[in-house]
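Descriptive analysis of the structure
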Amino acid sequence: MQLIAMLTMLIDHIGYIFFPQDLGWRYIGRIAFPIYCYALVQGHLYTSSKSRYFLRLLIIALIAQIPYNLALDPRGLNVVFTLLLSELVLIALDKLPKLWMGIVVAAPVLWLMDYFPLDYNAYGLLLVLIFRYARSYRLVLAHLALNVIYMFYYGWTVQMLSLLPTLVIAYGPELWEHLRKRRIPRWVWWSFYPGHLAVLAIIRLLYYGDLPEMDWRSIFVM
């Protein structure tokens, strides 16, 4: 599972940087993000320390930010910040006596994620919540509904391919259990995101001869 997520994310980013006109790379890349959302939920549920889990996410987000700006988006915040905010919401929801009260918690965070230039913005949190609270066919239907909404309102047609890993999670438990058991070293899993961005930024410099000018002011000034 983790290997599939890393490989498809790498393919997506290679296509985005070096072959922007070829959407085939981006289609394959849609497989990665749902797996990361699913992994975040599993980590939240089974970690021995939510505070340490949150801290690891924060460290990765900070380490990955400059490589992300150099390789992919000079003005945005990388996707680990999206997962980081999602984890904060999950922690808050666990403390509420009634799940419906979570609307008060989630609504302002969803607005915040759409206001700031976060990778995947509010879509990321909504997908994390779907993986946390939906099961079986409801999981697939909720993810499909989310994708349809974003397809009509934001033109995210390519995102429909992200349903593939969700279908496997919902309807292929035996296959998924086999994939889940084939774990890779933890340091590889945690370091892959900032590491591959740094390598791609270097290759981009060698390939194009320059790097985009980072503008962090646009992150905070809209």
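Predicted model, so just to flag it, every value in this text is computed and none were measured. The numbers attached to residues start from 1 for each chain and follow its sequence in the written order. Where totals are concerned, whole chains, interfaces and linings use all residues; where local detail is concerned, this predicted model gives features only for residues with pLDDT of at least 70, and gives and counts side-chain atom pairs only at 80 or more. Heavy atoms throughout the structure, all of them, feed into the side-chain values; hydrogens and water do not.

1. Comments concerning the overall build of the chain
Helices and strands together make up the secondary structure of the chain, namely 12 helices and 0 strands. Expected size for 222 residues packed as a compact globule is a radius of gyration near 17 Å; at 17 Å, the chain falls within 12% of this value. The C-alpha extent of the chain, read off along each of the three principal axes, is 55 × 40 × 40 Å. Only protein chains enter the accessibility calculation, which uses a 1.4 Å probe. A residue is then buried if its area is under 20% of the maximum for its type, exposed if over 50%, and partly exposed in between. Counting across all 222 residues of the chain, residues that qualify as buried make up 45%. The long-range fraction of contacts in the chain, counting pairs at least 24 apart against all pairs at least 6 apart in sequence, stands at 71%. Total accessible area on the chain stands at roughly 12100 Å², and carbon and sulfur atoms take up 68% of it. Once the 18 positive and 12 negative side-chain charges of the chain are each reduced to a mean point, those two points are 12 Å apart. Note on conventions: DSSP H or I runs of at least 4 residues are helices, E runs of at least 2 residues are strands, and numbering of each starts at the N terminus. Radius of gyration here is computed from C-alpha atoms only, and the compact-globule reference equals 2.2 Å multiplied by the residue count raised to the power 0.38. Throughout, a residue-residue contact means that at least one pair of heavy atoms, one from each residue, lies within 4.5 Å. Residue exposure ignores everything except the shown protein chains as possible cover, and the areas themselves are Shrake-Rupley values with a 1.4 Å probe. A residue counts as positive if it is Lys or Arg and as negative if it is Asp or Glu; His and the chain ends are not included. In plain terms, the charge of a residue is placed at NZ if it is Lys, CZ if Arg, CG if Asp and CD if Glu.

2. Concerning helix H9 (residues 163-171)
Listed in full, the buried residues belonging to H9 are Leu163, Pro165, Thr166, Ile169 and Ala170. For H9, the buried positions fall inside an angular range of 160 degrees around the axis, keeping them on one side. Taken from the helix axis, the directions to the C-beta atoms give the arc we talk about.

3. Some words on helix H4 (residues 50-71)
Within an α-helix, residues lying three or four positions from one another point in the same direction, as the helix has 3.6 residues per turn. Relative to the 32 Å expected for 22 residues at 1.5 Å per residue, H4 spans 30 Å between its end C-alpha atoms, a close match to the ideal helical length. The reported bend at a residue is simply the angle between two axes, fitted to the 7 residues ending at it and to the 7 residues beginning with it. Largest kink in H4: about 40 degrees, centred on Gln65, with the proline Pro67 one to four residues after it. Of the positions making up H4, those classed as buried are Tyr53, Leu57, Ile60, Ala61, Ala64, Gln65, Pro67, Tyr68, Asn69, Leu70 and Ala71. Each helix should span, by expectation, one fewer than its residue count multiplied by 1.5 Å.

4. As for a nonpolar patch on the surface
A cluster of nonpolar residues, Leu23, Tyr27, Tyr137, Leu141, Leu144, Leu161, Leu164, Leu167 and Tyr171, forms a patch on the protein surface that exposes about 810 Å² of accessible area. Contributing elements (two or more residues each) for the nonpolar patch: helix H2 (23-29), helix H8 (136-154) and H9. Along the chain, the position of Leu167 falls in helix H9. Residue Leu167 is classed as partly exposed on the basis of its relative accessible area of 34%. For patch detection, residues must exceed 30% relative accessible area and be free of salt bridges, and they are connected within 9 Å for like charges or within 5 Å for nonpolar side chains (Val, Leu, Ile, Met, Phe, Trp, Tyr). Take a side-chain nitrogen of Lys or Arg and a carboxyl oxygen of Asp or Glu: if they are within 4 Å of each other, that pair is a salt bridge.

5. Some words on the side chain of Gln159
Inspection of the secondary structure assignment puts Gln159 in the loop between H8 and H9. Those residues in contact with Gln159, other than ones at most four positions away along the chain, are Arg30, Tyr120, Tyr123 and Asn147.

6. Structural notes on the UniProt feature "transmembrane region" (unreviewed entry) in the chain
The UniProt record annotates "transmembrane region" (unreviewed entry) at residues 24-41, 53-70 and 187-207. Helix makes up 89% of residues 24-41 and strand 0%, with an end-to-end C-alpha separation of 28 Å. Between the first and last C-alpha atoms of residues 187-207 the distance is 29 Å; the span itself is 100% helix and 0% strand. UniProt positions are given in the numbering used here, feature names are shortened, and annotations may be inferred rather than shown by experiment.

7. Some points on the nonpolar core
Most often, soluble globular proteins have nonpolar side chains that are buried together. By size, the foremost hydrophobic cluster in this structure holds 61 residues, and its most contacted members are Phe33, Tyr36, Phe131 and Tyr193. If you tally residues by element for this core, the top one is helix H3 (residues 32-46), at 9 residues. If we skip the residues at most four places from it in the chain, Phe33 touches Val79, Leu83, Tyr120, Tyr123, Gly124 and Leu127. Nonpolar core, defined: a set of buried Ala, Val, Leu, Ile, Met, Phe, Trp, Tyr and Cys residues in which side-chain atoms within 4.5 Å join the residues together.

8. So, the environment of Asp215
Here Asp215 is to be found in the loop between helix H11 (186-208) and helix H12 (217-220). Through-space distance from the C-alpha of Asp215 to that of Asn69 is 8.7 Å; in sequence the pair is 146 residues apart.

9. Observations regarding the environment of Arg138
Mapped onto the secondary structure, Arg138 falls in helix H8. Through-space distance from the C-alpha of Arg138 to that of Ala170 is 8.9 Å; in sequence the pair is 32 residues apart. At a separation of 3.2 Å, a polar atom in the side chain of Arg138 contacts the side chain of Tyr137. We call two N or O atoms a polar contact when they sit within 3.5 Å, provided that within protein one can donate a hydrogen and the other can accept it, with sequence-adjacent residues counted only if both atoms are side-chain atoms.

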